[in-house]
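One letter stands for each residue in the lines below.
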Amino acid sequence: MAEIWICNPFDNLPAEGAKPQRYASLAEEFVKQGHSVTWWSADFSHAKKAKRQSPDGTPLPQIFTMPNGVKIHLIPTIPYKKNISLKRIKSHRDFAKKWLNIAIDTVDDGGLKPEIIIVSTPPLSTYKAADTLRKNWGSKIVLDIMDAWPKAFERLLPKPKALTRLLSLPFFAPAQKSAFRAYCGADIITAISKNYLDAAKSAGSKVPMASFYHTCRKITQTPRTQNREKIWRIIYVGNMGAFYALDTVITAIKNLESKNIHIRLDLVGTGPDEMRLRKMAQDSKSIHFHGFLNAQELSGELSLANIGIIPMHTESAVAVPYKLPDYTSYGLPVLNSLKGECASLIRQYNAGITYEANSPKSLEEAILRLINNPSLYSELQNGAANLAQNEFLSEKIYPAFANFILK
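Since this is a predicted model, take the numbers as computed values, not measurements. Each chain has its residues counted from 1, running along the sequence as written. Side-chain atom pairs in this predicted model are given and counted only at pLDDT of 80 or more, local residue features only at pLDDT of at least 70, and totals for whole chains, interfaces and linings cover all residues. Calculation of side-chain values draws on the structure's entire complement of heavy atoms; hydrogens and water are dropped beforehand.

A. Broad picture of the overall build of the protein chain. When helices and strands are tallied, the protein chain shows 14 helices and 16 strands. C-alpha atoms define the radius of gyration, and 2.2 Å times the number of residues to the power 0.38 defines the globule rule. For the protein chain, the C-alpha radius of gyration of 21 Å lies close to 22 Å, the compact-globule estimate for 407 residues. Taken along the three principal axes of its C-alpha coordinates, the protein chain extends 65 × 50 × 40 Å. Across the 407 residues that make up the protein chain, the buried fraction comes to 56%. Long-range pairs, those at least 24 residues apart, make up 73% of the contacts in the protein chain with a sequence separation of at least 6. Working note: accessible area of the protein chain is about 17500 Å², and carbon and sulfur atoms make up 54% of it. A distance of 4 Å separates the average location of the 51 positive side-chain charges in the protein chain from that of its 36 negative side-chain charges. Put simply, DSSP H or I for four residues or longer makes a helix, DSSP E for two residues or longer makes a strand, and each gets a number counted from the N terminus. When accessible area is computed with a 1.4 Å probe and restricted to protein chains, residues below 20% of their type maximum are described as buried, those above 50% as exposed, and intermediate ones as partly exposed. Any pair of residues with heavy atoms lying within 4.5 Å of one another is described as a contacting pair. For accessible areas, the Shrake-Rupley method is used with a probe of radius 1.4 Å. Any residue's cover is judged against the shown protein chains and nothing else. Charge assignment: positive for Lys and Arg, negative for Asp and Glu; neither His nor the chain ends contribute. Charge positions come from single atoms, namely NZ of Lys, CZ of Arg, CG of Asp or CD of Glu.

What follows is the structure in structure tokens.
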């Protein structure tokens, strides 16, 4: 039996009422195989931008054990309001420093030393702490690449981007150096997409690597037609921040509404742009904001939806977001603005339509193409379900994920 630590401060915890995400599912798989798992996370919810609490509003304890046997250890974390901000970077550095100190104290007080430490990136700062623990205890480090930091920050640079990128090189250089150090220093590298493995290879890493997509637990494909539901429901699940082209979505929905198209947009989640987007949509009867939903509530909204949307700027550098398995597991055709691996998967399985992120007209045309063509809609429904079945089922992915790390 191995002692395994997972360090990721971002994923939602099942104890919050959220559906299991990447690290909850991976930890559960390790426990199923007979290993001991401690998940080190933050006491601050990245999704809600608030302290973590149970569904009844009670603050979560600093240390507790989930019903499946996974131990949770929450690190006191500096709050931040924006996903891309200096305050968030400060919070990450503080998290890494506290994790290192608390981890050492835990072992000094009789806790078991980890044989394997799985560290997500971002944040970039936790790899350095894990490296110190490896030197102390001889642990192996698994680096799981979740996002292309610091490349993702470039999207916020003002135009002309060529000049500003040149001028910003000294600012981003330390972060890039940290990323390369992690890529080249880890014993094993995993990632949520093949694209992110390429980043590690380009840095010169030659360690064992494999990619494992975000997942879904089951396929729930319900026949949906405009005739039965009278209205076409498009759902968005996720953050409302700088990487998301939600202005385009709201504009397109309002334009279609003005043409008497029976349509509805459900926005699930929150973020720094939420208030601005609410104001933008305040004169529309077709746009509904739901805030953060627990697992049961989210399932209900996905069951009512007809179409899922991934409205992300290509420059976000996101490869395959959580949204894709969320939507396809409910048999929802996907309207997608991401290029690269996400678009490739959708195209391969005929699971949706890719449009231009900053073009309301492009999105309107994609929506009308779907709702005016029942045979196409049905075809894309089947494609979405097949995509989820073949690429995203957790019962297939997490045993393979765990075994790759262990072997």
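B. Quick look at the layout of surface pockets. A volume near 1100 Å³ is recorded for the largest pocket. Two kinds of site are reported from a 1 Å grid over the protein atoms alone, namely cavities, where a 1.4 Å probe fits but cannot get out, and pockets, open sets with protein on both sides within 12 Å along at least five of seven lines, and residues are called lining when an atom falls within 4 Å of a point. Lining the largest pocket are 47 residues, and of these His46, Asn239, Tyr244, Tyr322 and Lys323 sit closest to its centre. Elements supplying a minimum of two residues to the lining of the largest pocket: helix 9 (295-304) and helix 10 (323-328). All residues other than Ala, Val, Leu, Ile, Met, Phe, Trp, Tyr, Cys, Pro, Asp, Glu, Lys and Arg, Gly among them, are scored as polar; the first ten of these are nonpolar and the last four charged. For the lining of the largest pocket, a count of residues per class yields 25 nonpolar, 13 polar and 9 charged. Grid points are joined across faces, edges and corners, and a volume is the space filled by probe spheres set on the points.

C. The sheet that holds strand 12 (residues 263-268), seen in detail. The strand order 13-12-11-14-15-16 describes an open sheet built from 6 strands, whose pairing is parallel. Looking at which strands have only one partner, the edges of the open sheet turn out to be strand 13 (287-291) and strand 16 (352-354). Across the sheet, the mean angle from the axis of one strand to that of its neighbour is 20 degrees, orientation sign disregarded. By this definition, two strands are paired if DSSP reports at least two bridges between them. As paired strands, strand 11 (residues 232-237) and strand 12 are joined by 6 bridges and run parallel to one another. Residue pairing in the sheet places Val237 in a bridge with Val268 of strand 12. Strand contacts of helix 11 (residues 340-349): strand 14 (307-310), strand 15 (334-336) and strand 16, with the helix running at about 145 degrees to strand 15, the strand carrying the most contacts. Of the strands in this sheet, strand 11, strand 12, strand 14, strand 15 and strand 16 are in contact with helix 12 (residues 360-371), which crosses strand 15 at around 165 degrees. In this description, a line fitted to the C-alpha atoms serves as the axis of each element, helices being fitted only across the stretch in contact, and the angle between N-to-C directions of two axes falls anywhere from 0 to 180 degrees.

D. Just the side chain of His73, in detail. Inspection of the secondary structure puts His73 in strand 6 (residues 71-75). Ignoring sequence-local partners within four residues, the contact set of His73 consists of Thr38, Trp39, Trp40, Ser41, Gln62, Ile63, Ile102 and Thr106.

E. Structural detail: the sheet that holds strand 5 (residues 63-65). Across the sheet, 8 strands lie side by side as 5-6-2-1-7-8-9-10; this open sheet has mixed pairing. In this open sheet, the two strands that pair with only one neighbour each are strand 5 and strand 10 (209-211). Averaged over all neighbouring strand pairs, the angle between strand axes comes to 20 degrees, with direction disregarded. The sheet contact formed by strand 7 (residues 116-121) and strand 8 (residues 140-145) spans 6 bridges and is parallel. Paired with Val119 across the bridge in strand 8 is Leu143.

F. View of the environment of Ala96. With respect to the element layout, Ala96 can be found in helix 2 (residues 86-108). A relative accessible area of 6% places Ala96 in the buried class. For the pair Ala96 and Ala129, spaced 33 residues apart in the sequence, the C-alpha separation amounts to 6.2 Å. Setting aside its immediate chain neighbours within four residues, Ala96 contacts Ser125, Thr126 and Ala129.

G. Quick peek at helix 9. Along helix 9, the residues that are buried comprise Leu298, Glu301 and Leu302. Take helix 9 and look down its axis: the buried residues cluster within an arc of 100 degrees, on one side only. On its buried face, helix 9 sits against strand 11, strand 12, strand 13 and helix 10. Distance and chemistry together define a polar contact, namely a pair of N or O atoms within 3.5 Å, with one atom able to donate a hydrogen and the other to accept it when in protein, and with adjacent residues in sequence counting only for side-chain atoms on both sides. Two or three places before Gln296, at the opening of helix 9, Asn294 has a side-chain oxygen 3.1 Å from that residue's backbone nitrogen. By arc we mean the arc of the directions from the helix axis to the C-beta atoms, nothing more.

H. View of the pattern of salt bridges. A carboxyl oxygen of Asp or Glu within 4 Å of a side-chain nitrogen of Lys or Arg is what we treat as a salt bridge. In this structure the tally under the stated criterion is 18 salt bridges. Note that Glu16 and Arg52 form a salt bridge whose closest N and O atoms lie 2.7 Å from each other. Linking Glu16 in the loop between strand 1 (3-7) and helix 1 (22-32) with Arg52 in the loop between strand 4 (50-51) and strand 5, this pair joins segments that are 36 residues apart in sequence. For the pair Glu16 and Arg52, a shared accessibility class is recorded, and that class is buried. Between Arg233 and Asp266 there is a salt bridge whose closest N-O contact spans 3.3 Å. Pair noted here: Arg233 is in strand 11 and Asp266 is in strand 12, with a separation of 33 residues, a long-range link.

I. Spatial organisation of unusual backbone geometry. Cis geometry is adopted by the peptide bond preceding Pro122, which originates at Thr121 and carries an omega value of 5 degrees. A cis geometry characterises the amide bond from Pro122 onward to Pro123, with omega recorded as 0 degrees. As for its placement among the helices and strands, Pro123 is situated in the loop between strand 7 and helix 3 (125-137). Backbone geometry places Asn350, a non-glycine residue, at a positive phi of 50 degrees. Locating Asn350 in the fold gives a position in the loop between helix 11 and strand 16.

J. Looking closely at empty space enclosed by the protein. Counted according to the given criterion, the structure contains 1 cavity of 30 Å³ or more. Approximately 60 Å³ is the volume found for the largest cavity. Together, Pro9, Phe10, Ala42, Phe44, His46, Thr77, Tyr80, Ser91, His92 and Phe95 line the largest cavity. Looking at the lining of the largest cavity element by element, the count peaks at 3 residues for helix 2. Tallied by class, the residues present in the lining of the largest cavity amount to 6 nonpolar, 4 polar and no charged.

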